[in-house]
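Reading the structure
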Amino acid sequence: MTTSSRSYNMSRIRSKDTKPELIVRHWLWNHGYRYRKNVKRLPGTPDIVLRKYGICIFVHGCFWHGHNHITYPKTNADFWRNKIERNKQRDMDDKQKLLDMGWNVITVWECQLKKDKLEQSMREVEHWINYSLLLKSGDRFCKHIADTYMNNTTIENNYDIAAEPEPDGYKE
């Protein structure tokens, strides 16, 4: 491959609206989650931000962000190793800054979005999004549950309980 053709190929690699990002965004949108994308005011410009849940999501390409299964190119190996290590360090720094600001951070790797792993991976993301909401609402949620049960001496007062049909001839 010539230098000019390699340069052209590299210039075609997107930094936002990548296929993995679109997969995650479409899944979230179809499951009722609303978000902002590529929020520049936050460290690292997270790919997806769910403010209501206090979540920032990064969708990382395995090669560019150094996922544990990648193999480094043999050509110009030192350059690539250093570049990817710098990317990994920057990712860790950005994540720490977001955590310090009170955000929860989820990283979704490109390899987790393959057809055979997509649904499980996105269900795990959904779990952490909802868990984050519970943590965020913390005391308010606990107070609501406590008030609900403390104000009702018996649950039967407010709810119909369907267990078994009443036997024939049953009268109160």
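Quick note: structure is the one above.
A separate point is the environment of Leu-134. Mapped onto the elements, Leu-134 comes out in helix α4 (residues 118–151). Leu-134 sits 81 residues away from Tyr-53 along the chain, and the two C-alpha atoms are 8.6 Å apart.

Attention shifts here to unusual backbone geometry. Phi is positive for Asn-38, close to 50 degrees, though the residue is something other than glycine. Structurally, Asn-38 is set in the loop between β1 (36–37) and β2 (48–50). In this model, Asn-76 sits at a positive phi of 55 degrees, which is unusual for a non-glycine residue. For Asn-76, the location among the structural elements is in the loop between β3 (55–60) and α3 (77–100).

Turning our eyes to something else, we now look at a nonpolar patch on the surface. On the surface, Trp-128, Tyr-131 and Leu-135 cluster together to form a nonpolar patch covering roughly 330 Å² of accessible area. Within the secondary structure layout, Leu-135 lies in helix α4.

For the coordinates displayed, the defined rule picks out 7 aromatic pairs. With 5.7 Å between their ring centres and 55 degrees between their planes, Phe-63 and Trp-80 make a pair best called tilted. Residue Phe-63 is found in the loop between β3 and α3, and its partner Trp-80 is found in helix α3; the two are separated by 17 residues along the sequence. Taken together through their ring pairs, the aromatic side chains of Phe-63, Trp-64, Phe-79 and Trp-80 make up a single cluster.

Along its 12 residues, helix α2 (residues 19–30) runs 16 Å from first to last C-alpha, staying within 8% of the 16 Å computed at 1.5 Å per residue. Following α2 by one or two positions, Gly-32 adopts a phi angle in the positive range, close to 90 degrees.

Here is what the cut-offs are and how they apply
Residues numbered from 1 in each chain as written. Predicted model: local features only at pLDDT ≥ 70, side-chain atom pairs only at ≥ 80, totals over all residues. Heavy atoms only, no water. Helix = DSSP H or I, 4+ residues; strand = E, 2+ residues; numbered from the N terminus. Patch = residues over 30% accessible without salt bridge, like charges linked within 9 Å, V, L, I, M, F, W, Y side chains within 5 Å. Areas by Shrake-Rupley, 256 points an atom, 1.4 Å probe, with all protein chains shown as cover. Salt bridge = Lys/Arg side-chain N within 4 Å of Asp/Glu carboxyl O. Phe/Tyr/Trp six-rings, centres within 6.5 Å; stacked < 30°, edge-to-face > 60°. Expected span 1.5 Å × (residues − 1).

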